[in-house]
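Structural features, examined
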Amino acid sequence: MDLNADLGEGFGSWPMGDDSALLEVVTSANVACGFHAGDPSIMRRVTAEAVERGVAIGAHVGYADKAGFGRRFVDIEPAALRDEVVYQIGALDAFARIAGDRVRYVKPHGALYNTIGHHEEQAAAVVGAVADYDKTLPVLGLPGSAWLRLAADAGLTVVHEAFADRAYTSAGTLVSRREPGSVLHDADEISARCTAMATGQPIRDNAGGTLVVDPASICVHGDTPGAVDIARRVRAAIEGAGVTLRPFAS
């Protein structure tokens, strides 16, 4: 099982989360590429620290929307979106190579992640960008999404992920952040859910039913209160269940 987190999401003098502490816990780092968050200096620092700790580096690509933290839909032309995603992967890859490694996978962020779950044109644009840059790069996403379906059709390696601290609908989609209870905060509950997901056991959906998500990677968010403590407890719980944690991308 892989444990991933969104990192490098500060900007200039404004920090976001504790990247260094989370890099001691996770096995894969989704690093912001300067569009929804991040900047060149942050990308350089986080990629260098990831390489030092043996953490796989992923390009966390998003809409060009720092003010909205990439959580607002952008009605961008598919061709322009394709170019913006290529640009972001290339920028992060440059810093990863300076640090002695390279970008190992791609994961969209926020509103882009949600949009390409169903928006065929934008999903195809992001798939096209990854294929343009490097067809060997795995792509990380939600099972059942248009993004992963089109990626598989294009010959890309698809990797299913689940979210440690997000509520799920009975259909296996994420409950909107605009709805109450969409983000979980209780560390015990989150750890138990992650252990269940890592061992193939069902979790509760927001309707009170059961759902099996069967991920290859679990995402722990780095921008929620108590994120580092939650991530440490999730890792301890998963390993305590006899599951080995390692990057899915090599």
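In what follows, the structure referred to is the one given above.
So, here is what we can say about the structure in this document. Owing to the predicted nature of the structure, the values given are computational and were not obtained by experimental measurement.

**Overview of helix α2 (residues 40-53)**
Because an α-helix packs 3.6 residues into every turn, residues spaced three or four apart end up facing the same way. For α2, which comprises 14 residues, the first-to-last C-alpha distance of 20 Å matches the rise-based estimate of 20 Å (1.5 Å per residue) to within 8%. Ile42, Met43, Val46, Thr47, Glu49 and Ala50 are the residues of α2 that are buried. Angular distribution of buried residues about the axis of α2 spans 165°; they occupy a single face of the element. In α2, the exposed positions angled more than 90 degrees off the buried face are occupied by Ser41 and Glu52. Looking at the buried positions of α2, the neighbouring elements they touch are β1 (2-7), α1 (19-23), β2 (28-32), β3 (56-61) and α3 (78-98).

**Notes on the pattern of salt bridges**
Per the stated rule, a full pass over the model turns up twelve salt bridges. Two residues, Lys107 and Asp6, come together in a salt bridge whose shortest N-O distance is 3.6 Å. One end of the pair, Lys107, is in strand β4 (residues 105-108); the other, Asp6, is in strand β1, and 101 residues separate them in sequence. Of the two residues, Lys107 and Asp6, neither departs from the other in class, the shared state being buried.

**Re the side chain of Glu49**
Within the secondary structure, Glu49 sits in helix α2. The side chain of Glu49 is buried and forms no salt bridge, while Arg45, the nearest opposite charge, is found at 4.0 Å. The residues contacting Glu49, other than those within four sequence positions of it, are Ser20 and Leu23.

**Focus on α3**
With 21 residues, α3 extends 31 Å between its outermost C-alpha atoms, agreeing within 8% with the 30 Å of an ideal straight helix rising 1.5 Å per residue. Buried residues of α3: Leu81, Val85, Gln88, Ile89, Leu92, Asp93, Phe95 and Ala96, and no others. Buried residues of α3, viewed axially, fall in a sector of 165°; they line one side. Residues of α3 that are exposed and point more than 90 degrees away from the buried face comprise Ala79, Asp83, Tyr87, Arg97 and Ile98. Elements that come into contact with the buried residues of α3 comprise β2, α2, β3, β4, α4 (110-115) and α5 (120-133).

**Re the packing of aromatic side chains**
Enumeration according to the criterion identifies four aromatic pairs in this entry. Measuring from centroid to centroid gives 5.7 Å for Tyr113 and Phe163, while their planes differ by 85°, and the two rings are edge-to-face. Highlighted residues: Tyr113 in helix α4 and Phe163 in strand β6 (residues 158-163), separated in sequence by 50 residues. Judged by its relative accessible area of 8%, Tyr113 is buried. Judged by its relative accessible area of 5%, Phe163 falls in the buried class.

**Structural notes on the layout of surface pockets**
Its boundaries defined by the atoms lining it, the largest pocket holds a volume of some 700 Å³. Around the largest pocket, the lining comprises 29 residues; the ones closest to its centre are Gly110, Ala111, Tyr113, Asn114 and Leu174. Within the residue set of the lining of the largest pocket, elements represented by two or more residues are β4 and α4. For the lining of the largest pocket, the leading source of residues is α4, giving five residues.

**A word on the side chain of His60**
Locating His60 in the fold gives a position in strand β3. A distance of 3.4 Å separates the side chain of His60 from the side chain of Asp6, its partner in a polar contact. Here His60 is in contact with Asp6, Glu9, Asn30, Val31, Ala32, Cys33, His36, Gln88, Lys107, Pro108 and His109, once residues within four sequence places are set aside.

**Observations regarding the nonpolar core**
Judged by nonpolar contacts, the single largest core of 74 residues is most densely connected at Trp147, Tyr168, Ile218 and Ile238. Filtering out sequence-adjacent residues up to four positions away, Ile238 remains in contact with Leu3, Cys194, Thr195, Ala198, Ile218, Val243 and Leu245.

So, how was this worked out
- Residues numbered from 1 in each chain as written.
- Predicted model: local features only at pLDDT ≥ 70, side-chain atom pairs only at ≥ 80, totals over all residues.
- Heavy atoms only, no water.
- Helix = DSSP H or I, 4+ residues; strand = E, 2+ residues; numbered from the N terminus.
- Expected span 1.5 Å × (residues − 1).
- Buried < 20%, exposed > 50% of the residue type's maximum accessible area, 1.4 Å probe, protein only.
- Arc of directions from axis to C-beta.
- Contact = heavy atoms within 4.5 Å.
- Salt bridge = Lys/Arg side-chain N within 4 Å of Asp/Glu carboxyl O.
- Lys, Arg positive; Asp, Glu negative; His and termini not counted.
- Phe/Tyr/Trp six-rings, centres within 6.5 Å; stacked < 30°, edge-to-face > 60°.
- 1 Å grid on protein atoms, 1.4 Å probe; cavity = no way out; pocket = protein on both sides within 12 Å on 5 of 7 lines; lining within 4 Å.
- Points joined across faces, edges and corners; volume = space filled by probe spheres on them.
- Polar contact = N/O pair within 3.5 Å; in protein donor to acceptor, adjacent residues only side chain to side chain.
- Core = buried A, V, L, I, M, F, W, Y, C linked by side-chain atoms within 4.5 Å.

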